[in-house]
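So you can see what is in the structure, the chains are spelled out below.
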There are 2 protein chains.
Amino acid sequence: MSAMAAYRLGFEVAILDKEQYSPAGQLTRHEFIGSVDDDDLLKRFSDACHVITLENEFVDYRRLEFLEKLGKKVHPGSRTIALIQDKLLQKNALRKKGIPVADFLEVKTASNLLKIIRKLSIPFVLKSRKMGYDGYGNALVSNKQEFDKAYEALTSRHAHLFAEQFIDFQMELAVMVARTSKETRVYPVVQTLQRGHICHTVIAPAHIEKKVTVDAQEIAVECVKAVHGIGLFGIEMFLTRNNRILVNEMAPRPHNSGHYSIEGCTTSQFENHIRSVMQFPLGSTDMVKSYAVMVNLLGSKDPSPGMKKYTTALRHHEAHLHIYGKHESRVGRKMGHVTILGHNPQQLLKQAKKIESTISL
Amino acid sequence: MSAMAAYRLGFEVAILDKEQYSPAGQLTRHEFIGSVDDDDLLKRFSDACHVITLENEFVDYRRLEFLEKLGKKVHPGSRTIALIQDKLLQKNALRKKGIPVADFLEVKTASNLLKIIRKLSIPFVLKSRKMGYDGYGNALVSNKQEFDKAYEALTSRHAHLFAEQFIDFQMELAVMVARTSKETRVYPVVQTLQRGHICHTVIAPAHIEKKVTVDAQEIAVECVKAVHGIGLFGIEMFLTRNNRILVNEMAPRPHNSGHYSIEGCTTSQFENHIRSVMQFPLGSTDMVKSYAVMVNLLGSKDPSPGMKKYTTALRHHEAHLHIYGKHESRVGRKMGHVTILGHNPQQLLKQAKKIESTISL
């Protein structure tokens, strides 16, 4: 979706990916296949580019340093990614700037459960410092048995962990921020609803008090500044039961909770991503209609070719259907999404879920 | 823009073009370069496709027949293109169905000027039957000298001509129509303003009486039916000084006067083009805001790389900028366009023209 925004502004796009023929790779002949750890490949890729950006935060920041040393513009840069991809460093960076976050501490060995409980009480959340997404790399812990199990499972994926206070939130919120060295633009505050730790539904804007909106947007901008961010950032937040905002985590890229902006806002998060990494003037983040609802289309157990079901969905002629062209479906994999704009969020939600129920991807 | 709409719905796209690296060719690795007259190439291209469509009407309908004989779905099909690409056949087909068109007659030799004048009076318009666009293939004729000159110039491009009554219109209108074998959807009636025979500005919807809108939309649908059209069609019309609609000509593809629909309508003409050629349910053609204004960005005499001027344009943060990625600029060539949505068409027009003035492509 970022690649399409780039083409629309007249740019060409090159893609580096581990696997051939990714959704973005389909859109270009400048496709570089292999590992970012391959110096030679990375050099050839960078030779094809004027500006380099990321679509996930799992590229080690030292590989971005490598590109920067080649004289390339990389946004967000290695410094920002270093602070974001390690969630413990991220939380430290945010807390240092006075940004409200849930309490947390580093977990160095399996032995310090008591220390964790003393600081965070139970239940708490045990998390991988890196490589977590969609619930991978997280576990809720209430007792010794759960801790041992989670510790083993998480360290088998990634060696370094931290623990975080469990927040009994009233709502999960998200805010996108676009930032260049000259300008910052904030998107509306949206409500996100998860299903099995995966963002499933987004309601834009969230039904919250004006004061909470203002707070959330201010905090979101502070988060991006705290990591010296240039680009498009998604900031996930909890709204606690006593109406406080706590930042959960941030992503240095267009975010699933911002997909609604393609039709829902004057300038989509993807176009502002491209504009910001180009250090161009940013576009308006105003909503086009009062509300937008987005529902993810997740891979199902029995993905049928499903052309018929897909066309049924299109009969809802107000809906915007996006199918990503991923060649392989897995249960829970994000295969597409549907967005509807209108003036009654409850009705939009109902429509979006009805459409979702007719599609099997 | 059609290719992007196809990708968004999860399809892959293959492109056949005379030249490598066209705007659409940049978006795929399935690029076939050469002439549609090359049977072998056309066969290889068709092997890569399930459904084939066109982005212009200059492919001889017999080449589409060739594809149809290979068992391929082609929309619009050879029968429709045969009726459209020859403007004389097109006008006959429309008139036969009672659709109002300016009077016309075939011009077989340079000698029958008197016959033309007797039927159409002067001035009249001498036109090529095929291959005309953006004023190429048209000439206004008021006397023998102009006729001889136009006849020679036009026949040097294309052998067969016809003559058409000159219409002193009050306004030029256009209507897009999407049609499958089951369903038809009509876009708003827009006003088009030409500059040197090239569509330059589009105001959606046109400021006309309700009755004229209804007439124009009905006539547009009749035009598509008259050529048995499946796909997306742009119908250009004159609004005469006595408030009559006359169809000027139709195009069997997304049309420049429908580019505003990308942001201006719930479903863009490009998405409905893809949906219609797939014989899928069509999307809503309702406008998102009250008005949309589109201004074409034409190639200038002195195309500078112009990055700075381009970024100035982006400062108008409500504007939607589209740059097509054409590698070569020519005076008057359509290099991109800008669209703005809002509630005051005069103000939008002013803004759009201001933006246009800051860009040199």
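Above: the structure in question.
These lines cover the structure that appears in this document, whether it is placed above or below. Bear in mind the structure is a predicted one, so any value in this text is a computation, not a measurement. (Residues numbered from 1 in each chain as written. Chains lettered and ligands numbered in written order. Predicted model: local features only at pLDDT ≥ 70, side-chain atom pairs only at ≥ 80, totals over all residues. Heavy atoms only, no water.)

Next up on the list: the sheet that holds strand E5 (residues 104–107) of chain B. All names here are of chain B. Taken together, four strands build an open sheet; the order of strands is E5-E8-E6-E7 and the sheet is antiparallel. Every other strand in the sheet has two partners, leaving E5 and strand E7 (138–141) as the edge strands with one partner each. Averaged over all pairs of adjacent strands, the angle between their axes in this sheet comes to 25°, without regard to strand direction. Strand direction decides the pairing type here: strand E6 (residues 124–128) and strand E8 (residues 161–165), joined by five bridges, are antiparallel. The residue bridging Phe124 from the neighbouring strand is Gln165, located in E8. (Pairing = 2+ DSSP bridges. Helix = DSSP H or I, 4+ residues; strand = E, 2+ residues; numbered from the N terminus. Axes fitted to C-alpha atoms, helices over the stretch in contact; angles between N-to-C directions.)

This part covers helix H6 (residues 113–120) of chain A. Residue and element names in this part refer to chain A. All of the buried residues in H6 are Leu113, Ile116 and Leu120. For H6, the arc enclosing every buried residue in end-on projection is 60°, short of the 170-degree limit, so these residues lie on one face. In H6, the exposed positions that point more than 90 degrees away from the buried face belong to Leu114 and Arg118. Downstream of H6 by one or two residues, Ser121 has phi in the positive range, about 60°. (Buried < 20%, exposed > 50% of the residue type's maximum accessible area, 1.4 Å probe, protein only. Arc of directions from axis to C-beta.)

With an RMSD of 0.0 Å, chain A superimposes on chain B once it is rotated by 180° and translated 0.0 Å along the axis. The two molecules are tied by a two-fold rotation axis, judged by turn and shift. Residue A:Leu27, judged by its C-alpha, is the member of chain A lying nearest the rotation axis, at 2.3 Å. Interface overlap between copies: 100% of the residues of chain A at the interface are likewise at the interface in chain B, consistent with a symmetric, same-surface contact. (Least-squares fit on C-alpha atoms with pLDDT ≥ 70 in both. Contact = heavy atoms within 4.5 Å.)

Right, let's get into the pattern of salt bridges. Counted by the stated rule, this structure contains 46 salt bridges over all chains. Ionic pairing is found between A:Arg129 and A:Glu106, a salt bridge with its closest N-O pair at 3.1 Å. On the criterion of sequence distance, the pair formed by A:Arg129 in the loop between strand E6 (124–128) and strand E7 (138–141) and A:Glu106 in strand E5 (residues 104–107) is long-range, its members being 23 residues apart. By relative accessible area, which is 13% here, A:Arg129 ends up buried. Using a relative accessible area of 31% as the deciding quantity, one classes A:Glu106 as partly exposed. The salt bridge partner of B:Asp37 is B:Arg63, with a shortest N-O separation of 3.9 Å. You can see B:Asp37 sitting in the loop between strand E2 (31–33) and helix H2 (39–47) and its partner B:Arg63 sitting in helix H3 (residues 61–69), a full 26 residues away along the chain. (Salt bridge = Lys/Arg side-chain N within 4 Å of Asp/Glu carboxyl O.)

Now for the sheet that holds E5(A). Residue and element names in this part refer to chain A. Pairing is antiparallel across the open sheet formed by four strands, whose spatial order is E5-E8-E6-E7. Looking at the sheet topology across the chains shown, the edges are occupied by E5 and E7. Across the sheet, the mean angle from the axis of one strand to that of its neighbour is 25°, orientation sign disregarded.

Residues and elements named next belong to chain B. The interhelical angle for the contact between H3 and helix H4 (residues 78–85), taken along N-to-C directions, is 180°, at an axis separation of 8 Å. As summarised for this structure, H3 and H4 are arranged roughly antiparallel, according to the angle between their axes. Contacts between H3 and H4 pair Tyr61, Leu64, Glu65 and Glu68 from the former with Ser78, Ile81, Ala82 and Gln85 from the latter. A breakdown of the residues in the contact of H3 with H4 according to their chemical character gives four nonpolar, two polar and two charged. (Parallel < 35°, antiparallel > 145°, perpendicular 65-115°, else oblique. Nonpolar A, V, L, I, M, F, W, Y, C, P; charged D, E, K, R; others polar.)

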